[in-house]
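# Understanding the architecture of this molecule
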Amino acid sequence: MVKVSVFIGVSLDGFIARLDGNVDWLNEANKKVTPGEDFGFNSFLDSVDCIVMGRKTFEQVITFNEWAYREIKMIVLTTKNIEIPNSLTGVASTSNLCTEELMNQLIDDSIKHVYVDGGLVIQDFLSSGLVNEITVTIVPILIGKGKSFSNSLTKDLNLTHLKTTIFNFGFVQNKYKVD
């Protein structure tokens, strides 16, 4: 069985990005974070065999100063042709498989833990009932309008609380198991 996890930051009003996809609010909020704090992300990545990411998120993260995902296998879900930077050749690849087909491929590849990232990809995996665990870090900002990682759900998903971590600079992280 493949474990599928979400590890994401949201505004207090539940948005992962502005309506245009911009995450400038997150960059500004991160200035309040204690230097060196990674919210447990590196420990989380230690348990991950594969990252499945949406194209828009991938195109955004490749512009960041540092590549946060190490040498972990990454599959970028896209129906468009995109260029994988030379520095990520052998790490990142693209796929246009549907979620179920991709999961079957990952099982065949003996993948044990998948991290899904990107609003549409997370929505698709949630809607397909494939997500096992969700870690959400709430950033103390209200942005009013934006994109949610769960707005396409067609039915409620019940969650069991596993852990809450409160950071002294105002961020709160909640971890849940999807029932």
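Now for a look at the structure at hand. Everything numeric in this text was worked out from a predicted model, so none of it was measured. (Residues numbered from 1 in each chain as written. Predicted model: local features only at pLDDT ≥ 70, side-chain atom pairs only at ≥ 80, totals over all residues. Heavy atoms only, no water.)

## Thoughts on the overall build of the protein chain
The following threshold applies: Strands are runs of DSSP state E lasting at least 2 residues, helices are runs of H or I lasting at least 4, and numbering of each runs from the N terminus. Every radius of gyration here is taken over C-alpha atoms, with the globule rule written as 2.2 Å times N^0.38, N being the number of residues.
Within the protein chain one finds five helices and eight strands. In the protein chain, the succession of α and β elements from N to C terminus is β-α-α-β-α-β-β-α-β-α-β-β-β. Here the protein chain has a C-alpha radius of gyration of 16 Å; the compact-globule value for 179 residues is 16 Å, and the two agree. Along the first, second and third principal axes, the C-alpha set of the protein chain runs to 40 × 40 × 30 Å.

## A few points about the pairing of strand 7 (residues 159-166)
Heads up, the rule is: Between any two strands, pairing holds if DSSP finds at least two bridges.
By the bridge criterion, seven bridges tie strand 7 to strand 8 (residues 172-178) in an arrangement that is antiparallel. Within strand 8, the residue paired with Leu159 across the bridge is Val178. Following strand 7, the chain reverses through five residues before pairing antiparallel with strand 8; Gly170 in that reversal takes a positive phi of roughly 105°.

## Details of the sheet that holds strand 4 (residues 92-95)
By way of backbone hydrogen bonds, the strands of a sheet pair with one another, either parallel or antiparallel. The test is simple: The axes are straight lines fitted to the C-alpha atoms, using for helices just the contacting stretch, and the angles between their N-to-C directions are given from 0 to 180°. Whether two residues are in contact is decided by their heavy atoms, any of which lying within 4.5 Å being enough.
Here eight strands make up an open sheet; going across it, the order is 4-3-2-5-1-6-8-7 and the pairing mixed. If you trace the sheet from one side to the other, it starts and ends with strand 4 and strand 7, each paired once. Across the sheet, the mean angle from the axis of one strand to that of its neighbour is 20°, orientation sign disregarded. Strand direction decides the pairing type here: strand 2 (residues 50-54) and strand 3 (residues 73-77), joined by five bridges, are parallel. Across the sheet, Gly54 pairs through a bridge with Leu77, a residue of strand 3. Those strands touched by helix 5 (residues 119-127) are strand 1 (3-11), strand 2, strand 3, strand 5 (113-117) and strand 6 (133-139), and its axis lies near 125° from that of strand 5.

## Quick notes on the packing of aromatic side chains
Selection criterion: Pairing of aromatic rings covers Phe, Tyr and Trp, the last through its six-membered ring, and needs centres within 6.5 Å; plane angles under 30 degrees mean stacked, over 60 mean edge-to-face, and all others mean tilted. The classification of residues rests on relative accessible area computed with a 1.4 Å probe and restricted to protein chains. Under 20% of the type maximum is buried, over 50% is exposed, and intermediate values are partly exposed.
Inspection of every chain in the model, using the stated rule, returns 13 aromatic pairs. Their ring planes at 80° and their centres at 6.3 Å tell us that Phe58 and Trp67 sit as a pair that is edge-to-face. In this structure Trp67 comes out as partly exposed when scored by relative accessible area, which is 25%. Ring centres of Phe169 and Phe171 lie 5.2 Å apart, and the angle between their planes is 70°; on these two criteria the pair is classed as edge-to-face. Neither residue differs from the other here; Phe169 and Phe171 are each classed as buried. Site record: aromatic cluster; members linked through ring pairs are Phe7, Phe41, Phe44, Phe58, Trp67, Tyr69 and Tyr115.

## Some details on the nonpolar core
Heads up, the rule is: Here, nonpolar core refers to any group of buried Ala, Val, Leu, Ile, Met, Phe, Trp, Tyr and Cys residues whose side-chain atoms link them within 4.5 Å.
Judged by nonpolar contacts, the single largest core of 27 residues is most densely connected at Val52, Leu106, Val114, Val116, Phe125 and Phe149. Discounting chain neighbours no more than four positions away, the residues touching Leu106 are Cys50, Val52, Ile75, Ile111 and Val114. Listed in part, the 18 residues of the second largest apolar core include Phe7, Phe44, Leu45 and Ile82.

## Points about the side chain of Asn174
Rules: Polar contacts here mean pairs of N or O atoms no more than 3.5 Å apart (in protein, one a potential hydrogen donor and the other a potential acceptor; neighbouring residues in sequence count only if both atoms are side-chain atoms).
Looking at the secondary structure, you find Asn174 in strand 8. The buried category is assigned to Asn174, whose relative accessible area is 11%. Within the structure, the side chain of Asn174 is placed 2.7 Å from the side chain of Thr164, a separation counted as a polar contact. Filtering out sequence-adjacent residues up to four positions away, Asn174 remains in contact with Ile134, Thr135, Val136, Ile138, His161, Lys163 and Thr164.

## Let's talk about the pattern of salt bridges
Heads up, the rule is: The term salt bridge refers to a side-chain nitrogen of Lys or Arg lying within 4 Å of a carboxyl oxygen of Asp or Glu.
Going through the model one piece at a time under the given rule, you end up with eight salt bridges. A salt bridge links Lys3 to Glu133; the nearest nitrogen and oxygen atoms lie 3.3 Å apart. Taken together, the residues span a long stretch of sequence, with Lys3 in strand 1 and Glu133 in strand 6 at a distance of 130 residues. Residue Glu133 is classed as buried on the basis of its relative accessible area of 14%.

## What about the environment of Leu26?
Inspection of the secondary structure puts Leu26 in helix 1 (residues 24-29). Given a relative accessible area of 22%, Leu26 falls into the partly exposed group. In the structure, Leu26 is positioned 114 residues away from Pro140 in sequence and 9.8 Å away in space, judged by C-alpha atoms.

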